[in-house]
Amino acid sequence: VAELFYDADADLSIIQNRKVAVIGYGSQGHAHALSLRDSGVDVRVGLHEGSKSKTKAEEQGLRVVTPAEAAAEADVIMILVPDPIQAQVYEESIAPHLKDGDALFFGHGLNIRFGFIKPPAGVDVAMVAPKGPGHLVRRQYEEGRGVPCIAAVEQDATGKAFELALSYAKGIGGTRAGVIKTTFTEETETDLFGEQAVLCGGTAALVKAGFETLVEAGYQPEIAYFECLHELKLIVDLMYEGGLEKMRWSVSETAEWGDYVTGPRIITDQTKAEMKKVLAEIQDGTFARTWMDEYHGGLKKYNEYKTQDENHLLESTGKELRKLMSWVDDTDQ
Ligand code: NDP
Ligand code: MG
Ligand code: MG
């Protein structure tokens, strides 16, 4: 059973008495920096030369310096740049400024779990990861609420790393909702598995295969799009609100019967065996190594896959159909 921590379990003054550097000002970075600032914490943002987010951070009243300057000034350094470049930013700009007693924080455990970043022994290494996109994290904080976070300590040099992590989580509103204790290993492996097998990979492949099956059988792509992609939101919203039970309560009995008898014919024992292989490749580091090689090799396959799917009939069909739906916001792309 998970251990949960709330506002009363966290002491905000711990983080208020430190100097925090937030490196990166994207989805997570902006939410952490602004909310910590509003919680009375001394924050500076570290951004590289020519960063697109610099003006935004300054307009929002934050002091922006280089990542190296931020790391030198601060004693708590939160790394919120994209995962594949964290090791380089760490080597070049952060490692040279780490002193014993400093804390190195992450929003995701990949670089620590797979050894791409190896912090010195005198430094606390911890994670505070909100379980939601940064914009929701910030909005909830502003509304006096919070997004649940998970927190972990990989290296407890001071003996006080977890209290520090809880204090940081309080500063971004996390303890208002609840903070669950985890480990870098558990967070990293489950996060990668979830996005690959279920959330992104599994769902995208399921939607495409269903759409193709209908279109290849001669049905209109527009109808197939509605049935296999558009309506997925209604189903997921119900599951999100009340689990499988609420979804099954809401759909017709016919749909529910089809769910029971057909679901296991689609996601079979063979699918689950493959999921176990995927998990094993995440655990033994194969996935992380392959992804880093792909990223630093210029993203050739990545771009091939991307183009292939961008040209899929599912996508061109959806683009046209979404124009008919005034309430669907397609502008973030
Ligand atoms: P984003 O891609 O949204 O933002 C990255 C930021 O880093 C941008 O501000 C970018 O600047 C900046 N940046 C890029 N290169 C450098 C550099 N060399 N030095 C300093 N800053 C740089 O990242 P996310 O917020 O999505 O991810 C950050 C971390 O949070 C990751 O570890 C991720 O796994 C984790 N996380 C993300 C979640 C999410 O909701 N997105 C949820 C939970 C965890 P520029 O604007 O110039 O590109
Ligand atoms: Mg992830
Ligand atoms: Mg139907």
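- In the nomenclature of an unreviewed UniProt entry, the protein is known as Ketol-acid reductoisomerase (NADP(+)) of Streptomyces clavuligerus.
- Recorded in UniProt under Sequence similarities (unreviewed entry), the annotation for the protein is "Belongs to the ketol-acid reductoisomerase family."

**Describing the pairing of strand β5 (residues 76-79)**
In step 1: Neither face of β5 is open: one carries Val76 and Met78, the other Ile77 and Ile79, and all of them are buried.
In step 2: Pairing of strand β2 (residues 19-23) with β5 involves 4 bridges; the strand directions are parallel. Looking across to β5, one finds that Ala21 is bridged to Ile77.
In step 3: Here β5 pairs with strand β6 (residues 103-106) via 4 bridges, running parallel. Each bridged residue has a counterpart across the sheet, and for Ile77 the counterpart in β6 is Leu104.
In step 4: You can see the chain leave β5, run along helix α5 (residues 83-94) and come back into β6, and the turn it takes is right-handed.

**Topic: the domain arrangement of the protein**
In step 1: Its domain assignment divides the protein into domain 1 (4-182) and domain 2 (192-322).
In step 2: A straight line from the C-alpha centre of domain 1 to that of domain 2 covers 32 Å.

**As for the site of ligand 1**
In step 1: By nearness alone, 25 residues border ligand 1, and Gly24, Gly26, Ser51, Gly107 and His108 come closest of all.
In step 2: Put simply, the parts of the chain that give the shell around ligand 1 at least two residues each are α2 (27-38) and α5.
In step 3: Among the residues forming the shell around ligand 1, the class breakdown is 11 nonpolar, 12 polar and 2 charged.

**Digging into the environment of Gln155**
In step 1: With respect to the helices and strands, Gln155 occurs in strand β8 (residues 149-155).
In step 2: Between the C-alpha atoms of Gln155 and Glu59, which are 96 residues apart in sequence, the distance is 36 Å.
In step 3: In this view, Gln155 contacts Pro119, Val123, Asp124 and Val125; residues no more than four positions away in its chain are not counted.

**Considerations on the nonpolar core**
In step 1: Counting 59 residues, the largest nonpolar core has Ile77, Phe105, Ala126 and Ala151 as the members making the most contacts within it.
In step 2: Looking at which element gives the most residues to this core, the answer is helix α8 (residues 161-171), with 6 residues.
In step 3: Apart from residues lying up to four places away in sequence, Ala126 is in contact with Ala103, Phe105, Ala151, Ala152, Val153, Glu154, Ala161, Leu164 and Ala165.
In step 4: Residues Ala224, Cys228, Leu229 and Leu314 belong to the second largest nonpolar core, which totals 6 residues.

**Points about the environment of Ala70**
In step 1: Inspection of the secondary structure assignment puts Ala70 in helix α4 (residues 67-73).
In step 2: With near-sequence residues (within four places) excluded, Ala70 lies in contact with Ala21, Ile23, Arg44, Val45, Gly46 and Val65.

**As for helix α18 (residues 313-322)**
In step 1: Residues of α18 that are buried: Leu314, Thr317 and Gly318. For α18, the angular spread of buried residues about the axis comes to 100°, placing them on one side. Among the exposed residues of α18, those oriented more than 90 degrees off its buried face are Lys319 and Glu320.
In step 2: In this structure, the buried side of α18 is in contact with α11 (201-216) and α12 (221-230).

**A look at the UniProt feature "active site" (unreviewed entry) in the protein**
In step 1: Under the feature "active site" (unreviewed entry), the UniProt entry names His108.
In step 2: Ignoring sequence-local partners within four residues, the contact set of His108 consists of Asp83, Ala129, Thr188 and Asp191.

**Examining the sheet that holds strand β9 (residues 179-181)**
Hydrogen bonding along the main chain pairs the strands of a sheet, whether they run parallel or antiparallel.
In step 1: With mixed pairing, the 9 strands of this open sheet are ordered in space as β1-β9-β8-β7-β6-β5-β2-β3-β4. Each edge of the open sheet carries a strand with a single partner, namely β1 (4-5) and β4 (64-65).
In step 2: Most of the contacts of helix α10 (residues 184-199) go to β8, to which it runs at about 125°, and overall it touches β7 (124-130) and β8.

**What to know about unusual backbone geometry**
In step 1: With a phi close to 60°, Leu299 is a non-glycine residue in the positive phi region.
In step 2: Judged by the 13 C-beta atoms lying within 10 Å of it, Leu299 is partly exposed.

**So, the packing of α12 against α18**
In step 1: The geometry of α12 relative to α18 is characterised by a closest axis approach of 9 Å and an angle of 95° between their N-to-C directions. In terms of axis orientation, α12 runs roughly perpendicular to α18. Contacts from Pro221, Glu222, Tyr225 and Leu229 in α12 reach Leu313, Leu314, Thr317, Gly318 and Leu321 in α18.
In step 2: Considered class by class, the residues forming the contact of α12 with α18 number 6 nonpolar, 2 polar and 1 charged.

Scoring rules and cut-offs
- Residues numbered from 1 in each chain as written.
- Chains lettered and ligands numbered in written order.
- Predicted model: local features only at pLDDT ≥ 70, side-chain atom pairs only at ≥ 80, totals over all residues.
- UniProt positions renumbered as here; feature names shortened; annotations may be inferred.
- Buried ≥ 20, exposed ≤ 12 C-beta atoms within 10 Å, placed from the backbone.
- Helix = DSSP H or I, 4+ residues; strand = E, 2+ residues; numbered from the N terminus.
- Pairing = 2+ DSSP bridges.
- Right-handed = clockwise from strand over helix to strand, strands pointing away.
- Domains from an automatic or database assignment.
- Near = placed C-beta within 6 Å.
- Nonpolar A, V, L, I, M, F, W, Y, C, P; charged D, E, K, R; others polar.
- Contact = placed C-beta atoms within 7 Å.
- Core = buried A, V, L, I, M, F, W, Y, C linked by C-beta atoms within 7 Å.
- Arc of directions from axis to C-beta.
- Axes fitted to C-alpha atoms, helices over the stretch in contact; angles between N-to-C directions.
- Parallel < 35°, antiparallel > 145°, perpendicular 65-115°, else oblique.

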